[in-house]
Structures are given as C-alpha cells and as structure tokens.
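Here's the letter readout for the chains.
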Amino acid sequence: MNWTWEEIQPYLGLGDEPMHWIVKIFIIVFATLVINFVINKLLLRLDDKLKQTRNPWDNMVVESARLPMRLLIWLIGFSIAVEIPDANFDENITEIVLKVREVGVIAIFSWFLLRCVKGVERALTTGHATKKPVDYTTANAISKLLRAAVFITAALVILQTLGFSVSGVLAFGGFGGIAVGFAARDLLANLFGGLVVHLDRPFSVGDWIRSPDQNIEGTVENIGWRQTRIRTFDMRPLYVPNATFSTISVENPSRMSHRRINETVGVRYGDFSKLQKITAEIKEMVGNHDEIDSNQIYMVNFNQFGPSSLDFFIYAYTKTTNWAKFHDVKQDVLFQAMKIIENHGAEVAFPTRTLHLFNENEVADEAEANEQAAKPQSGSQSTETSTKGRGGKAANSQARSAKVGEVDGDGDA
C-alpha cells in the first residue's frame, strides 16, 4: 500500500485536523525510550566520576537511584501515553491512570529508599565509609528496622492514596494485633528473641558457637527476626528459633583469647633418674616457644605413677586462636618434647604387661625327681624290715626245734 504525503499529513497534524492519537503514543514512547537511554548513560558516567572521590556516599546514592529513575521515566511515559486515547475508549481511564501513577511514584520512591538503606549497610560493613568496619549484626539489625519502617510507611501512604482511612486501618490493626498476639505467641517470642540477640550480641554472623545444653554447634550464617541459621561442621544448615537462645547457655569459642595445650606424656619406669631433667628442659622449651604466650600460666610437671609409665603433663596457652594454626603449634611442641626425651636416652613408655605362665612339664619333671630321690630310702627300710622278719622267723624255728629236742630227750630218758 502506497501512502501519499497528503494522506500522511492528517495523521501528523500538519493539516487542519489534529494529530492522530496513535502517532502521539508512538512519539511519547519513542521519547521515553530516548530519555531513558540518555539518563542511564549520564548516571553511569556520573558514577564512574564519583568513584574517583573518597566519599562513598555519593556513589551509593547514584547507584541506588539508577534503576528507580529508569522505572520512573517509563512509568511517566506510559501514563501520558495511556491518557491520550481517553476520548476514544473510556472516560474514566484518566482517573485510573492518575491513581496508578501516584501509587507507582510512591512505590518507586520507597524502592529508592530501600536501596539506599541497603547501600549504607554495605558501605558500613565493608569498611568503605569508616576506618573500621561496623559489626555486621548491628548494621544488619538497624537496616532491617529501617527497611521495615519504610515499607510500612509506604503501605499506609498507598492506602491513603487509594481512598482508605488510615486511622481506621490503624485501629483495626490495634485490635487485630491483640488477636494475632494470642494466636502467634511463639512467633512473637522468636521476634523478641531475635531483638535480644541483636541488642545483647552474644554472637555475630561468622562466629563459631555451641551450646552445652543442646546439640547446637556450628558457624552462624544469618540472624533473622524469627530464626538463626547455623552451618554445622558437617556442612548441614541448622535453623534455630530465636526464642531458644533465651533459655539455653551459648558458648562462643570465636571470642576466645587463647587456645590451650593440655597433654600427658609418659616415660618408662627405668628412666626415673632422668625424669627431672627432662621435665625441666621441656618447660624451658615451652616458655621460650614463639607461639606460646609466656604471660599466661604454663607448666610441665611430673603427675602420677601410671600403670606402665611415669606420667608428666604439658600445660600452656598458644597465642593464636586459629584452629588449624593451633594444631601446628601443638604438633611442634610435642615433637620438640620427643626430641628432648630422646636426647636424654629415655623413651616414651607404652602399655606393657608381665604374664607368669604355668608349665605342666616342669612340674611333672620336678615331681618325678622328688620321687626318684625318695626311692633309695624306702628300699633300705624295706630290706631291714624283711631281714628282721626273716631273723625272727629263724629264731622262732630254733626255739621250736629246741622244744622238740627237749621233748624227744625226755622221751628217750
């Protein structure tokens, strides 16, 4: 289809008739696109220039305003474009567009404030705005409170813009809050528990905590208003309601000033004469160690007579609190203690046991030897007994023979 200039003029408003509404909408959308592109380029150029300054707040404001500004331009452009065909479609469309525009402006401005609050939190916690970074837990708690205030204020303003009575909403919220309070006691307990954690700060994000009352141990990843997320040492997330921390004891090893070495070493009983020199030299080594805090108590003393060793203990505090470095220091101390023991010609004892075994063959041989030793004495006694017996019998026979002779003699006589 070929369009002539005379046919196009009425659409462009160059003739007696006004410009066509479709052309107006196209022009407004195109202008909105161009303005949005130009504003975005200007903000990016401005942000690059401001990064060269030492003040971090101007960069934060520009970065927070960039996306809301672009959205605001599109909102205004589309709202103007929609108002153009009002006479052709619906008479009430202008009123609706105005309401949408007002609500959109309030929402965009609230979004800008929320981004500013988040940017301030980021600047404070990273140390870009201050010489020393602000505690993340405190900054995060204040940021959440400010964002909640902005959100609630924006919601009330939007309700007022839409024609709702804010006083009625607040009154209903008061009565509803009482009902919700009774129905959500646990939720409120966790809310106030989170507030107490933010105020008292028994731990912060990144701290290693544990509870002797419950099986809770790990690194704190996030402190919310209802629950706290802890990453256990097996890398599992543990979600603890904040009300729990008001009823249990919490230990924070991350805030320890030192780590303790408490090890027991045993030497052989045969090295008793060397033990005093060994403990003295090990104590001197511990006191002069670069990673041992000699300002804290440190001891190396003979402790007890063990079942198979003479036990002494090494007690000291390291300067570092890092878990991995602590074990390196502890390993070095124990290695040097072993070298000192070896240099004195002693040895570290290990559990030993002496067993007395019962040998049946030796007992049998001993019994047989005793029996053999007793046999000659028994034979002589039996010989004498048999001799005496035979002599008695001979005497008895002679006596009997004499008596017979006497009888015979008498008979002969």
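Right above here is the structure, for reference.
Just so it is clear, the model here is predicted, and its values are computed rather than measured.

A. Broad picture of the sheet that holds strand β7 (residues 310-318). Overall, antiparallel pairing links the 3 strands, which are arranged β5-β7-β6 in an open sheet. Edge positions in the sheet fall to β5 (259-267) and β6 (299-305), since each has one partner strand and no second. On average, each strand axis in the sheet is inclined to that of its neighbour by 25°, with strand direction left out of account. Two elements, β5 and β7, share 9 bridges in a ladder whose sense is antiparallel. Each bridged residue has a counterpart across the sheet, and for V267 the counterpart in β7 is L310. Sheet contacts for helix α8 (residues 272-287): β5, β6 and β7; angle to β7, the most-contacted strand, approximately 5°. Packed onto the sheet, helix α9 (residues 323-343) meets β5 and β7 and runs at close to 25° relative to β5.

B. Molecular detail of the sheet that holds strand β3 (residues 227-231). On the basis of which strands lie adjacent, the open sheet formed by 4 strands has the order β1-β2-β3-β4 and antiparallel pairing. The open sheet has two edge strands with one neighbour each: β1 (208-211) and β4 (237-241). Adjacent strand axes in the sheet meet at a mean angle of 45° when their direction is disregarded. In this structure, strand β2 (residues 216-223) lies alongside β3, joined through 4 bridges in antiparallel fashion. Bridging from a neighbouring strand, I223 pairs with T228 of β3.

C. Spotlight on unusual backbone geometry. The phi dihedral of R201 is positive, around 50°, even though this residue is not glycine. Accessibility expressed as a relative area gives 35% for R201, which makes it partly exposed. One non-glycine residue, M235, adopts positive backbone phi at about 65°. Tracing the backbone shows M235 in the loop between β3 and β4.

D. Spatial organisation of the nonpolar core. Grouped together as the largest cluster of nonpolar side chains are 21 residues, with contacts concentrated most on I282, V286, I292, F312, I314, V333 and I341. Those elements that provide at least two residues to this core are β5, α8, β7 and α9. The contact partners of I292, leaving out residues within four places of it in the chain, are I261, V286, A316, Y317, T318, K319, V329 and V333. Counting 10 residues, the second largest nonpolar core, distinct from the first, contains V197, I223, I230 and F245.

E. Broad picture of the packing of α8 against α9. Close contact between α8 and α9 brings their axes to 10 Å; oriented N to C, the two are set at 150°. For the pair α8 and α9, the sense of crossing is right-handed. On α9, the residues that touch I278, E281, I282, M285 and V286 of α8 are V333, Q336, A337, I340 and I341. By residue class, the composition of the contact of α8 with α9 is 8 nonpolar, 1 polar and 1 charged.

F. Expanded view of the packing of aromatic side chains. In the structure shown here, the tally under the stated rule is 7 aromatic pairs. Between F109 and F112, the aromatic rings sit 6.4 Å apart at their centres with planes inclined by 40°, giving tilted as the arrangement. Here F112 and F109 lie together in helix α4 (residues 93-126), a separation of 3 residues that amounts to about one turn. Between Y315 and Y317 the ring centres are 5.7 Å apart and the planes differ by 90°, which places this aromatic pair in the edge-to-face class. Taken together, the ring pairs in this structure connect Y269, F302 and F305 into an aromatic cluster.

G. The arrangement of α8 in detail. The first and last C-alpha atoms of α8 sit 24 Å apart over 16 residues, in line with the 22 Å expected at 1.5 Å per residue. Buried within α8 are the following residues: L275, I278, T279, I282, M285, V286 and G287. As for α8, its buried residues are in contact with β5, β6, β7 and α9.

H. Main features of the environment of V300. Turning to its location among the elements, V300 is positioned in strand β6. Separated by 15 residues in sequence, V300 and Y315 place their C-alpha atoms 6.4 Å apart.

Criteria and thresholds
- Residues numbered from 1 in each chain as written.
- Predicted model: local features only at pLDDT ≥ 70, side-chain atom pairs only at ≥ 80, totals over all residues.
- Heavy atoms only, no water.
- Pairing = 2+ DSSP bridges.
- Helix = DSSP H or I, 4+ residues; strand = E, 2+ residues; numbered from the N terminus.
- Axes fitted to C-alpha atoms, helices over the stretch in contact; angles between N-to-C directions.
- Contact = heavy atoms within 4.5 Å.
- Buried < 20%, exposed > 50% of the residue type's maximum accessible area, 1.4 Å probe, protein only.
- Core = buried A, V, L, I, M, F, W, Y, C linked by side-chain atoms within 4.5 Å.
- Left-handed = near helix turned anticlockwise from the far one by under 90°.
- Nonpolar A, V, L, I, M, F, W, Y, C, P; charged D, E, K, R; others polar.
- Phe/Tyr/Trp six-rings, centres within 6.5 Å; stacked < 30°, edge-to-face > 60°.
- Expected span 1.5 Å × (residues − 1).

Taken by themselves, the reported measurements are silent on function.
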